[in-house]
Amino acid sequence: MTTLTETYTEMLRSLIALRKYVKIFYTTDLNELLSVTAIMTDFKPGPDGDYVQLASGELIRTDRLVNVNGVYAPGHEDYESCLDCRI
C-alpha cells in the first residue's frame with residue numbers, strides 16, 4: 001500500500017475545502033485505471049486506509065489515487081505517459 005505524503009494529503013484536504021470539480025484518476029481492486037470528474041466532500045479514515053468521499057457518495061481509498069487535478073500521487077509518477085492524452 002502506498003503511503004501518501006503529508007503534503008499530498010494536505011492538497012487533498014484543500015481541494016475538499018474548495019468544493020469544486022476536480023479530475024481524479026484512480027485504480028480499482030482489479031488494477032483498472034478509471035477517471036471521474038467530481039467534487040470531493042470529505043477525507044475519512046477507514047479500517048484499511050484513508051478515503052476521499054465524492055459528492056455522489058462514492059469512496060475512493062487514497063492509496064488508489066493516481067492523479068488528482070493534475071498532481072500525481074506519490075509513487076504514481078510513472079503513470080504520466082499513459083495519462084498524457086487523458087488529462
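To start, this report covers the structure provided alongside it. The shown structure was predicted, so the numbers you read here are calculated from the model rather than taken from an experiment.

**Digging into helix 1 (residues 6-18)**
Working step 1: The terminal C-alpha atoms of helix 1 lie 18 Å apart, and with 13 residues this matches the ideal 18 Å at 1.5 Å per residue to within 8%.
Working step 2: Those residues of helix 1 lying buried are Tyr 8, Thr 9, Met 11, Leu 12, Leu 15 and Ile 16. Across the axial projection of helix 1, the buried residues extend over an arc of 155°, all falling on one side. Away from the buried face of helix 1 by more than 90 degrees, exposed residues Glu 6, Thr 7, Ala 17 and Leu 18 are located.
Working step 3: Tucked inside the fold, the buried residues of helix 1 contact strand 1 (21-27), strand 2 (33-46), strand 3 (49-54), strand 5 (65-68) and strand 6 (71-72).

**Focus on unusual backbone geometry**
Working step 1: Despite not being glycine, Asn 31 has its phi angle at roughly 65°, a positive value.
Working step 2: Examined against the element boundaries, Asn 31 turns out to sit in the loop between strand 1 and strand 2.
Working step 3: Judged by its relative accessible area of 56%, Asn 31 falls in the exposed class.
Working step 4: One non-glycine residue, Asn 69, lies in the positive phi region at around 55°.

Procedures and definitions
Residues numbered from 1 in each chain as written. Predicted model: local features only at pLDDT ≥ 70, side-chain atom pairs only at ≥ 80, totals over all residues. Heavy atoms only, no water. Helix = DSSP H or I, 4+ residues; strand = E, 2+ residues; numbered from the N terminus. Expected span 1.5 Å × (residues − 1). Buried < 20%, exposed > 50% of the residue type's maximum accessible area, 1.4 Å probe, protein only. Arc of directions from axis to C-beta. Contact = heavy atoms within 4.5 Å.

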